[in-house]
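Below are the chains, spelled out letter by letter.
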Amino acid sequence: MLERLYGVFPIVPFGSPRIRAVTKAQKHYHYDRSLVPANGPRFENLVTGHRLRWVHYRREVLSLDLRLRHFRARDGREVDFIVVEQRRPALKFVAQLV
C-alpha cells in the first residue's frame, strides 16, 4: 500500500530465481529520507534515491532499458546497487561509510 501512495519504493534483487546463493528479499527505501532515524541508513536512502532518479532520467530521456537492482549472497556479501541494461549488469555500486 505504501508503494502505491509513493511512500516507499522497492529495489528488486538481481539474479535468476534458480540461483540458490542469492537471497530474494526486496529492499524498501523512503521517498522522504527524513523519516529514516539513523544516519547510516539515511545516507544509504539518499544515495539510493539519487541512483533511482539517474536511472529514471536515462530511461525516459535516452530511451535506454535500465533498471536498478541489488545483490546479496547468503554469506553476507552485498552489492548495494546494480544498474542493469537489457538484463545484463552495466554498473555496480557499493556504498561504504568511512
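From a predicted model like this one, the values you see are computed outputs, not experimental measurements.

Along the chain, Lys27 falls in strand β2 (residues 27–30). Look at Lys27 and you get buried, because its relative accessible area is 11%. Within the structure, Lys27 has its side chain in polar contact with the side chain of Tyr29 (distance 3.4 Å). Reaching out from Lys27, the side chain makes a polar contact with the side chain of Glu44 at a distance of 3.3 Å. If near-sequence neighbours (up to four positions away) are discounted, Lys27 is found in contact with Phe9, Pro10, Ile11, Glu44, His70, Arg72, Glu78 and Asp80.

To continue, consider the environment of Leu52. Relative to the helices and strands, Leu52 is located in helix α1 (residues 39–61). Take Leu52: its relative accessible area is 14%, and that puts it in the buried class. Sequence separation of Leu52 and Phe81 is 29 residues, and the distance between their C-alpha atoms is 9.6 Å. Residues in contact with Leu52, not counting those within four places in the same chain, are Phe9 and Leu68.

Thresholds, definitions, all that
- Residues numbered from 1 in each chain as written.
- Predicted model: local features only at pLDDT ≥ 70, side-chain atom pairs only at ≥ 80, totals over all residues.
- Heavy atoms only, no water.
- Helix = DSSP H or I, 4+ residues; strand = E, 2+ residues; numbered from the N terminus.
- Buried < 20%, exposed > 50% of the residue type's maximum accessible area, 1.4 Å probe, protein only.
- Polar contact = N/O pair within 3.5 Å; in protein donor to acceptor, adjacent residues only side chain to side chain.
- Contact = heavy atoms within 4.5 Å.

Spatial relationships are all this shows, so hold off on functional conclusions.
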